[in-house]
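Spelled out, the chains give:
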Amino acid sequence: MRAVAVLLVVLYHAGLPLPNGFLGVDVFFVISGFLITGILVRELVTTGTISWARFVGRRIRRLLPAAILVLVVTALVAWFVVPGLRRRDIGTDVAGAALYVVNWVFARRAVDYLASDSIPSPVQHFWSLAVEEQFYVVWPLALIALALVLKRLGRPPGVGVVAGLLAAIAVPSFGYAVWLGHVDPDRAYFVTTTRAWELGVGAALAVWCAGREASTRHTEAPEDADGGKAAVAWAVLGWVGLAAVIGSAVWLPAGATTPGPWTLVPTVGAAAVLLVGWSGAPGGPVRVLGSAPMVWVGGLSYSIYLWHWPSLVLTEWALDGITTTQRVLVLAVSLLPAWASHRFLESPIHHSRALAARTRPVLALGVALSAVGAFAALPLVAAASPFRTTPVAGARPSVDALGAMTLSSPPSTDPAAYAVDDWGWLTPDPQLAGQDRPAADVDRCQVDRLVEEPVACEFGVADGQTTVALVGDSKAMQWLPALERLASDRGWRVVTYGKSSCALAAGHAQNEGRPYPACDEWNRRVADRLRADPPDLLLTSGYAASAWDGAHATRTALVSGLATRWGQLRDDGVPVVVLGDSPLSPDDLDVCTARHPRQLTRCAFDRASAVAGSGLPAQRAAAASSGTPLVDLTPWICPVERCPVAIGNVSIHRAGDHLTATYVRTLAPVLGAALDRAVPAAVTR
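Residues numbered from 1 in each chain as written. Predicted model: local features only at pLDDT ≥ 70, side-chain atom pairs only at ≥ 80, totals over all residues. Heavy atoms only, no water.

### Re the overall build of the chain
Secondary structure summary: the chain contains 30 helices and 17 strands in total. For a compact globule of 685 residues, the expected C-alpha radius of gyration is about 26 Å, and the chain comes in at 29 Å, within 12% of that figure. With respect to the three principal axes, the spread of C-alpha positions in the chain is 95 × 55 × 50 Å. Looking at the chain residue by residue over its 685 residues, the buried ones come to 54%. (Helix = DSSP H or I, 4+ residues; strand = E, 2+ residues; numbered from the N terminus. Rg over C-alpha atoms; globule rule 2.2 N^0.38 Å. Buried < 20%, exposed > 50% of the residue type's maximum accessible area, 1.4 Å probe, protein only.)

Shown next, in the form of structure tokens:
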């Protein structure tokens with residue numbers, strides 16, 4: 001089954017038609033839970049307790065040497081093939097992997113959809129190892145605590161109470177996985193609390209088997225009719241279980257989230273195969289899974305899992321993208337270091353009798369190895385940017401002489417005016433542009449996808465006579481720096497209501513192809529607040545390109561929802577102006593600029609597709625149907641057919657398809673003039 005699990009993962013990463021091959025990791029969880037819990041329960045029942053130090057020592061010998069070798073090699077290669085400050089993220093990941101907490105690093109990054117992630121981390125696969133080790137810190141300690149309680153009560157530890165303890169961990173974990181997978185699937189994928197139940201499936205099987213020993217085993221083909229029926233039943237169970245594992249890797253219903261209810265299919269299927277194998281029943285998939293090639297791959301599965309992913313990702317970095325054929329070739333070649341590390345490092349240390357008898361030195365070795373892995377990340381974390389953010393001589397000019405302020409009105413449409421390969425200096429640093437965010441984002445005024453209650457933040461002049469509300473998702477909040485400049489000049493009080501991936505619209509929102517009820521409720525509550533305390537002007541924007549129509553995500557539903565909400569608010573006396581969404585920028589601009597810091601024109605991108613991929617087309621349609629004014633600043637952001645990455649010594653874009661706060665700040669006069677034209681001057685001055 002280890003061979004099945006690793007082959008599913010590797011074939012999926014190869015880009016072959018196995019859309020859910022990542023479920024091989026879930027199979028690994030079940031196998032691990034079964035094997036490790038079997039060892040723990042036998043020790044608990046036999047001795048009345050568990051030696052946590054010996055258990056940890058076994059885990060160190062089994063896992064850590066090979067893992068740290070992969071991390072060190074990955075860090076070394078990444079230094080040479082990964083450009084710019086992407087090295088810093090990889091360094092953080094390597095350190096997190098060495099300390100077995102990297103799954104939480106990825107969970108945080110998954111929630112931050114503003115992060116740049118066009119190429120995944122070369123150690124992203126370590127998230128599953130981190131989940132396992134965190135589980136195996138808690139689970140043995142819980143069993144030890146249970147043993148102490150039972151000892152005080154004068155009761156010997158038995159499989160019944162172990163099963164109860166396991167249920168107390170696994171059942172809430174499954175419930176949390178179902179809930180979080182529905183509301184925040186990106187975070188749910190990585191966190192330990194949504195994955196513990198999968199290890200619990202294997203652990204439950206181990207507890208069940210521990211209570212039955214060999215009484216149900218069938219080591220020979222039965223001769224009587226009842227025995228024959230039992231053998232057939234075992235064989236059918238095994239094949240059904242294997243079919244569930246492979247079938248789920250090939251197909252799951254549209255919208256199925258993992259982990260979640262559908263994850264029961266591969267995990268319970270894997271448990272069924274393990275049960276048939278444990279029973280010793282003849283027939284079934286045991287002979288196939290026990291064949292020499294499958295045993296060989298299964299024995300190498302840990303090493304294959306460790307080496308295949310960094311080999312693939314680092315090759316992609318080195319070649320700036322690879323084909324499916326190249327992916328398959330790289331994965332085949334990765335078998336060589338996998339075999340070598342298994343043969344000469346992993347296996348000798350794992351099976352060393354001398355180390356098995358010396359717990360304390362092994363624990364010290366574990367600490368030392370983790371430290372080596374963390375230290376290997378330091379050069380990456382300390383990587384420097386190829387860009388300057390100030391002139392070589394003199395101070396940085398004021399904002400009035402930067403960015404959009406350097407453009408004519410209207411902006412020139414001559415491509416030569418923007419064909420600058422080397423600006424000499426840029427602000428913000430293109431490698432750190434993701435940090436150049438508006439205060440409404442930095443101050444967490446924008447609530448995340450789980451929150452339904454709006455949070456109001458105030459900017460500008462506290463006692464200003466004119467109140468301007470800025471409402472929408474992060475693409476709305478990106479306009480705040482310009483509004484803050486206007487507020488100081490015009491005496492505005494600016495109030496923001498922001499929510500991740502949630503446009504101000506009626507109807508039903510969607511997120512990643514699924515209903516987004518938290519956005520719907522947030523919308524209702526924001527609308528109530530705006531009606532109760534109407535601003536002098538409501539500005540809104542957003543990235544959304546579709547909404548939920550009851551069965552699918554469609555643009556028609558979004559246009560209808562936007563037009564309806566804007567019309568309702570206008571009818572209630574709230575003046576509404578739409579700030580057109582900015583063109584969709586590539587997530588990997590930081591990579592391109594790092595590769596070509598003196599050839600920045602190579603990083604320009606097509607305006608037509610950038611506009612088409614943004615929220616602007618839907619906004620235009622909704623504004624036209626509802627009669628709502630729309631301000632489109634695209635000519636000041638992308639004035640020519642190939643959108644430049646910088647104008648007037650200012651980097652325009654940051655990761656996650658947003659504008660930098662600095663560039664937006666330079667757009668303040670342009671935005672102010674556009675608002676003057678869109679609404680009565682008395683409102684905007």
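The structure having been displayed, the exposition proceeds.
### Focus on the nonpolar core
Counting residues in hydrophobic clusters, the biggest one holds 116 residues, and the most contacted among them are Met1, Phe126, Trp139 and Leu306. The element best represented in this core is helix α6 (residues 126-152), accounting for 14 residues. Not counting the four nearest positions on each side in its chain, Met1 is found in contact with Val27, Ile31, Leu242, Val245, Ala270, Val273, Leu274 and Leu289. Counting 43 residues, the second-largest nonpolar core is a separate cluster that includes Trp425, Ala482, Ala487 and Leu675. (Core = buried A, V, L, I, M, F, W, Y, C linked by side-chain atoms within 4.5 Å. Contact = heavy atoms within 4.5 Å.)

### Regarding the pattern of salt bridges
Using the criterion set out here, one finds 29 salt bridges in the structure. Salt-bridge contacts for Arg59 lead to Glu133; the nearest nitrogen and oxygen are separated by 2.5 Å. Placement of Arg59 in helix α3 (residues 52-81) and of Glu133 in helix α6 is noted, with a sequence separation of 74 residues between them. Per residue, the accessibility class of Arg59 equals that of Glu133, and both read buried. One salt bridge connects Glu346 with Arg62, and the closest N-O pair in it is separated by 2.7 Å. (Salt bridge = Lys/Arg side-chain N within 4 Å of Asp/Glu carboxyl O.)

### Let's talk about the side chain of Ser585
The topology assignment puts Ser585 in the loop between β10 (576-579) and α24 (589-595). Taking the relative accessible area as the measure of exposure, Ser585 reaches 5% and is therefore buried. Ignoring any residue separated from it by four or fewer positions in sequence, one finds Ser585 in contact with Phe605, His653, Arg654, Asp657 and His658.

### Quick notes on the packing of helix α13 (residues 292-319) against helix α15 (residues 335-350)
As a packed pair, α13 and α15 sit with axes 8 Å apart at the nearest point and diverge in direction by 110 degrees. Considered as vectors, α13 and α15 are oriented roughly perpendicular to each other. Contacts between α13 and α15 involve Trp296, Gly299, Leu300, Tyr302, Ser303, Ile304 and Trp307 from the former and Leu335, Pro337, Ala338, Trp339, Ser341, His342 and Glu346 from the latter. Taken together, the residues of the contact of α13 with α15 sort by class into 9 nonpolar, 4 polar and 1 charged. (Axes fitted to C-alpha atoms, helices over the stretch in contact; angles between N-to-C directions. Parallel < 35°, antiparallel > 145°, perpendicular 65-115°, else oblique. Nonpolar A, V, L, I, M, F, W, Y, C, P; charged D, E, K, R; others polar.)

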